[in-house]
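Descriptive analysis of the structure
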Amino acid sequence: MFKNTRDRYGLIARLLHWLIAALVIGMLAGGSLLSFFPSGGFKAVAIAGHKSIGVIILLLMIVRLFWRRTNLQPRDLGNIPVLNYIAHLVHIFLYVLLLLQPLVGILMSQAYGYPVSVFGIFKLPPLVWQSPSLGNVLRGAHGVTAVLLAAFIVIHVAAALKHHFIDRDRTLMRMLKG
């Protein structure tokens, strides 16, 4: 029930998947709106929340990777080997981007000289030196990574819908109901 089997995803994998998905989609939407807010109180609170949730996503991704490495993975339901291979590549890119995006955001904030606090509970130690030029590079990388992440999410969702509505297999249902 909690762990994966050859035919289904367990409760832990499904909860991590959907929690991270909801947070990331919210962060992509919210992050794209941040530049439209005028400087000041609300924007500062929104940025602090954005940073905090980014750290939470990074921690959840580390847990998710550990869980994935220590659990059996359900078998592929597709019967076309090249499509199964592409699906595995998309998952690898998603995992890399889901780790890279919050990490680059943390480094960007610190390079600009702003600490990263998680809801005021704890502050991350500085991982980079303060450098506005480094911050600018990381800001660009954060933007590019966001676009790539959004694109791979669209591909992932489209593939899940294709499995459900065209192939009529249990790929999507395994992640919804186990």
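Residues numbered from 1 in each chain as written. Predicted model: local features only at pLDDT ≥ 70, side-chain atom pairs only at ≥ 80, totals over all residues. Heavy atoms only, no water.

1. Quick word on the overall build of the protein chain
Scanning the protein chain from terminus to terminus reveals five helices and two strands. Walking the protein chain from its N terminus toward its C terminus, one meets helices and strands in the order α-α-α-β-β-α-α. A principal-axis box enclosing the C-alpha atoms of the protein chain has dimensions of 50 × 30 × 25 Å. Residues counted as buried form 35% of the 178 residues belonging to the protein chain. Across the protein chain, every contact between residues at least 6 apart in sequence was considered, and the portion connecting residues at least 24 apart equals 70%. As displayed, the protein chain has an accessible area near 10,900 Å², and 74% of this comes from carbon and sulfur atoms. (Helix = DSSP H or I, 4+ residues; strand = E, 2+ residues; numbered from the N terminus. Buried < 20%, exposed > 50% of the residue type's maximum accessible area, 1.4 Å probe, protein only. Contact = heavy atoms within 4.5 Å. Areas by Shrake-Rupley, 256 points an atom, 1.4 Å probe, with all protein chains shown as cover.)

2. Digging into the confidence of the model for the protein chain
Mean pLDDT over the protein chain works out to 96, with 100% of the residues at or above the 70 mark. Within the protein chain, helix 5 (residues 171-176) has the poorest average pLDDT of any element, 94, and strand 1 (residues 117-118) the best, 98. (pLDDT = per-residue confidence, 0-100.)

3. Here's the deal with the pattern of salt bridges
Throughout the structure, instances matching the rule amount to two salt bridges. As a salt-bridge pair, Arg75 and Asp7 come within 2.9 Å of each other at their nearest N and O atoms. With Arg75 in the loop between helix 2 (41-70) and helix 3 (81-111) and Asp7 in the segment before helix 1 (11-33), the pair connects residues that are 68 residues apart, well separated along the chain. The partly exposed category is assigned to Arg75, whose relative accessible area is 39%. (Salt bridge = Lys/Arg side-chain N within 4 Å of Asp/Glu carboxyl O.)

4. Considerations on the environment of Val55
Looking at the element boundaries, Val55 is found in helix 2. Classification of Val55 as buried rests on a relative accessible area of 3%. For Val55 and Leu124, which are 69 residues apart along the polypeptide, the C-alpha to C-alpha distance reads 9.1 Å. The contacts of Val55, once residues within four sequence positions are left out, are Ile106, Val116, Val118 and Leu124.

5. As for the packing of helix 2 against helix 3
Two numbers describe how helix 2 lies on helix 3: the axes approach to 9 Å, and their chain directions differ by 145°. For the pair helix 2 and helix 3, the crossing hand works out as left-handed. Where helix 2 approaches helix 3, its residues Lys51, Gly54, Val55, Ile57, Leu58, Met61, Ile62, Arg64, Leu65 and Arg68 are matched on the opposing element by Tyr95, Leu98, Leu99, Pro102, Ile106 and Ser109. The residue makeup of the contact of helix 2 with helix 3, split by class, is eleven nonpolar, two polar and three charged. (Axes fitted to C-alpha atoms, helices over the stretch in contact; angles between N-to-C directions. Left-handed = near helix turned anticlockwise from the far one by under 90°. Nonpolar A, V, L, I, M, F, W, Y, C, P; charged D, E, K, R; others polar.)

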